[in-house]
Amino acid sequence: MVYDAIIIGSGFGGAIPALRLAQAGKSVLVLEQGRKFTEKDFKQSWDFKYSSKFLSITTSDDYQTFYRAGMVLGGGSVVFSGLMNRSPSETFDFVDYNGYTVWPDAVNRQVLDPYYDMVESMMQVRQVTWNEVSKTGGMFAKLLDNAGLTCDRARYPYVNCRQCGYCEAGCIYGAKQSLMHNYIPQAQAAGVEFRTGCRAMLIQPNTSGYTVSYIGPNSGYNNSMSTEQGTIVILAGGAIYSPELLLRSKQYLPNLSNQVGQNFCNNGGTRFGIELPDGLPSIECYKGMDSAGVMTYAFWKDYRITIEAGTSPASIFSLNIHRPGASGWGLDFKHWAHSIYPSKLIIGNIMGLVTGEGYVYINSNGIPTVHFPLTQNLVNYINRVMAPIQQLAKVNNAIILETMPSGFMYSISHMLGTCRMGDDPTRSVADSNGQIRNYTGLFVTDSSAIPGSTGVNPSTTIAANAERIAAYIVNNW
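Residues numbered from 1 in each chain as written. Predicted model: local features only at pLDDT ≥ 70, side-chain atom pairs only at ≥ 80, totals over all residues. Heavy atoms only, no water.

(A) Just the packing of helix 1 (residues 12–23) against helix 11 (residues 459–476), in detail. Contact pair helix 1 / helix 11: the axes reach a minimum separation of 8 Å and the direction vectors enclose 35°. When the axes of helix 1 and helix 11 are compared, the crossing they make is right-handed. In this structure, helix 1 uses F12, G13, I16, P17, R20 and L21 to contact helix 11, whose residues at the interface are S459, I462, A463, A466, E467, A470, I473 and V474. (Axes fitted to C-alpha atoms, helices over the stretch in contact; angles between N-to-C directions. Helix = DSSP H or I, 4+ residues; strand = E, 2+ residues; numbered from the N terminus. Left-handed = near helix turned anticlockwise from the far one by under 90°. Contact = heavy atoms within 4.5 Å.)

Structure follows, in structure tokens:
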């Protein structure tokens with residue numbers, strides 16, 4: 001059988017085109033490396049043995065940071081924090097350090113708005129009420145208010161949230177309206193075939209389109225590969241695995257852009273802590289939605305950043321949170337951690353517009369690896385965006401906490417740009433429709449296609465862009 005479309009990955013970039021193509025009468029096969037989880041399979045646990053069942057963890061080659069991605073049916077939608085705000089209009093005008101306007105002219109906020117509408121309707125995204133904001137979120141908003149700054153409730157795909165704080169461990173209550181509650185069951189009803197436990201390894205052109213070779217659950221100890229054929233192939237494995245697949249396939253796709261794997265961007269992610277002053281009521285920072293229900297755009301105009309607060313399980317201290325100049329381990333550290341947790345600790349995450357200076361490659365052991373050094377440009381960015389946060393702490397008699405042995409953690413989960421769209425063929429992998437240059441019928445619709453930072457959590461923009469590209473494919477194939 002030759003499928004009309006084979007889609008590799010079932011997250012936002014995969015499940016959305018799967019549904020839309022099936023609704024247009026196309027035969028669709030989705031290959032997902034992870035397994036299927038239901039609410040009965042999830043646990044309220046941060047144990048690594050548990051989370052490794054549905055997360056893929058990749059370290060940078062200097063071991064200074066790590067990157068996590070959903071490896072489960074539904075992808076990142078199952079294990080993300082739930083924050084789903086739209087990218088501000090100015091995001092799409094971003095010019096990088098090299099003078100390149102990273103977003104294609106054909107993609108902007110006005111173009112994406114109808115697709116944002118579709119995603120938000122499908123996933124029941126809404127702005128939460130103040131009654132749903134956790135004590136952590138409320139306190140973060142109060143700190144900003146004390147400084148004369150604004151903060152508002154964020155947008156989430158949640159229905160009857162229990163505020164348990166385990167959004168990223170999988171919602172046992174089914175409150176998070178992940179793709180498992182909307183796009184995927186609708187796609188299945190429309191005839192899409194989802195195969196879990198299948199890791200795509202190679203893509204080869206053939207006379208009818210493309211052959212995809214993959215290792216499946218029945219491959220055995222020798223990892224013998226199975227094959228399927230599709231008229232078109234859509235890459236939706238994320239910013240590490242989509243370029244990995246193309247790099248593995250380069251012997252069969254010799255005209256791929258040399259930009260495959262390049263332009264790795266962390267969405268400007270910078271993580272910091274706030275130690276609240278004495279005398280305030282306990283914020284019980286382990287309770288609430290993972291992103292605490294609020295977000296501030298107060299620094300967007302001057303710094304092009306947004307900030308979300310987060311709830312924090314006790315395991316957060318494994319990320320080396322400490323006062324500047326102090327140690328992140330030892331007896332004194334334990335006494336200090338006990339004194340601030342869970343009453344006085346807020347974790348904040350900055351998202352902003354930065355140039356993607358890293359890259360993904362396959363190392364000598366055949367493993368996809370991220371090279372993302374702390375460049376001078378990134379150091380300058382972190383120093384610049386932390387300056388108003390330091391001032392915010394000063395106004396509130398609070399202390400900014402570091403999240404690395406020295407400095408601030410600069411990436412975890414927002415990975416973008418490694419197969420990016422663009423107008424300049426020498427600086428991008430795909431055109432504005434997500435079609436990979438020189439290979440008709442080969443598309444990319446996931447986070448790797450997003451050309452640069454989104455200014456907010458990228459999930460909504462990834463999803464809207466997938467809807468947009470899906471519409472193009474339906475209308476042109």
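(B) The sheet that holds strand 6 (residues 152–153), seen in detail. Spatial ordering of the open sheet is given by 6-13-14-15-12-18, a layout of six strands whose pairing is antiparallel. Each end of this open sheet is capped by a strand with a single partner; those strands are strand 6 and strand 18 (399–401). (Pairing = 2+ DSSP bridges.)

(C) Examining the pattern of salt bridges more closely. Using the criterion set out here, one finds 19 salt bridges in the structure. Between R109 and D113 there is a salt bridge whose closest N-O contact spans 2.7 Å. Of this pair, R109 and D113 are both found in helix 4 (residues 109–123), four residues apart, which corresponds to roughly one turn of the helix. Note on R109: relative accessible area 22%, which makes it partly exposed. Taking the shortest distance from any N to any O, the salt bridge between E120 and R155 comes out at 3.5 Å. A residue pair is termed long-range when its members are at least 10 positions apart, and E120 in helix 4 and R155 in strand 7 (residues 155–156) qualify at 35 residues. According to the relative accessible area criterion, E120 is buried, its value standing at 9%. (Salt bridge = Lys/Arg side-chain N within 4 Å of Asp/Glu carboxyl O. Buried < 20%, exposed > 50% of the residue type's maximum accessible area, 1.4 Å probe, protein only.)

(D) Main features of the packing of helix 4 against helix 11. Running from N to C, helix 4 and helix 11 point in directions that differ by 105°, and their axes come no closer than 8 Å. By the angle between their directions, the pair helix 4 and helix 11 is classed as roughly perpendicular. Note on element contacts: helix 11 touches helix 4 through T460, T461, A463, A464, N465, E467, R468 and A471, opposite V111, L112, Y115, Y116, M118 and V119. The residue inventory of the contact of helix 4 with helix 11, partitioned by class, reads nine nonpolar, three polar and two charged. (Parallel < 35°, antiparallel > 145°, perpendicular 65-115°, else oblique. Nonpolar A, V, L, I, M, F, W, Y, C, P; charged D, E, K, R; others polar.)

(E) Spatial organisation of the side chain of N85. Of note, N85 is situated in the loop between helix 3 (76–79) and helix 4. The class for N85 is buried, based on a relative accessible area of 7%. Here R155 takes part through its backbone nitrogen, which lies 3.1 Å from a polar atom of the side chain of N85. Once residues within four sequence positions are removed from consideration, N85 is found in contact with A154, R155, M295, Y297, V456, N457 and T460. (Polar contact = N/O pair within 3.5 Å; in protein donor to acceptor, adjacent residues only side chain to side chain.)

(F) Highlighting the packing of aromatic side chains. Inspection of every chain in the model, using the stated rule, returns 19 aromatic pairs. Seen in terms of ring centroids, F37 and F54 are 5.6 Å apart; in terms of plane orientation they differ by 80°. Their pairing is edge-to-face. In this pair, F37 sits in the loop between strand 2 (28–32) and helix 2 (48–51) while F54 sits in the loop between helix 2 and strand 3 (55–59), placing the two residues 17 residues apart along the sequence. In this structure, F37 and F54 share a single accessibility class: buried. Members of the aromatic cluster, joined through ring pairs, are F37, F42, Y50 and F54. Note that R35 overlies the ring of F37, its terminal NZ or CZ placed 4.1 Å from the centroid. (Phe/Tyr/Trp six-rings, centres within 6.5 Å; stacked < 30°, edge-to-face > 60°. Lys NZ or Arg CZ within 6 Å of the ring centre and 35° of its normal.)

(G) A look at the state of the cysteines. What the rule picks out here adds up to zero disulfides. Left without a disulfide partner, C151 is nearest to the cysteine sulfur of C285, which lies 17 Å away. (Disulfide = S-S within 2.5 Å.)

(H) Quick peek at helix 9 (residues 331–340). Considered for burial, the residues of helix 9 that qualify are F333, W336, A337 and I340. One side of helix 9 carries all its buried residues, which in axial view fall inside an arc of 100°. Opposite the buried face of helix 9, by more than 90 degrees, sit the exposed residues L331, K334, H335 and H338. Buried residues in helix 9 make contact with strand 12 (270–275), strand 15 (345–352) and strand 18. (Arc of directions from axis to C-beta.)

(I) Spotlight on the environment of S45. Structurally, the position occupied by S45 is in the loop between strand 2 and helix 2. Through-space distance from the C-alpha of S45 to that of G220 is 31 Å; in sequence the pair is 175 residues apart. What S45 contacts, discounting residues up to four positions off in sequence, is Y50, Y166 and A169. Engagement of the side chain of S45 in a polar contact is seen with the backbone nitrogen of D47, the distance being 3.0 Å.

(J) Here's a closer look at helix 4. Taking 1.5 Å as the rise per residue, helix 4 with 15 residues should run 21 Å; its terminal C-alpha atoms sit 20 Å apart, in good agreement. The largest bend in helix 4 amounts to roughly 30° and is located at Y115. Of the positions making up helix 4, those classed as buried are L112, Y115, Y116, V119, E120, M122 and M123. Contacts from the buried residues of helix 4 go to helix 1, strand 7, helix 6 (183–189) and helix 11. Measuring from the side-chain oxygen of the N-cap residue of helix 4 to the backbone nitrogen of Q110 gives 3.1 Å; that N-cap residue is N108. Following helix 4 by one or two positions, Q124 adopts a phi angle in the positive range, close to 55°. (Expected span 1.5 Å × (residues − 1). Bend = angle between axes of the 7 residues up to and from the residue.)

Interpretation note: all reported values are geometric properties and have no functional meaning in isolation.
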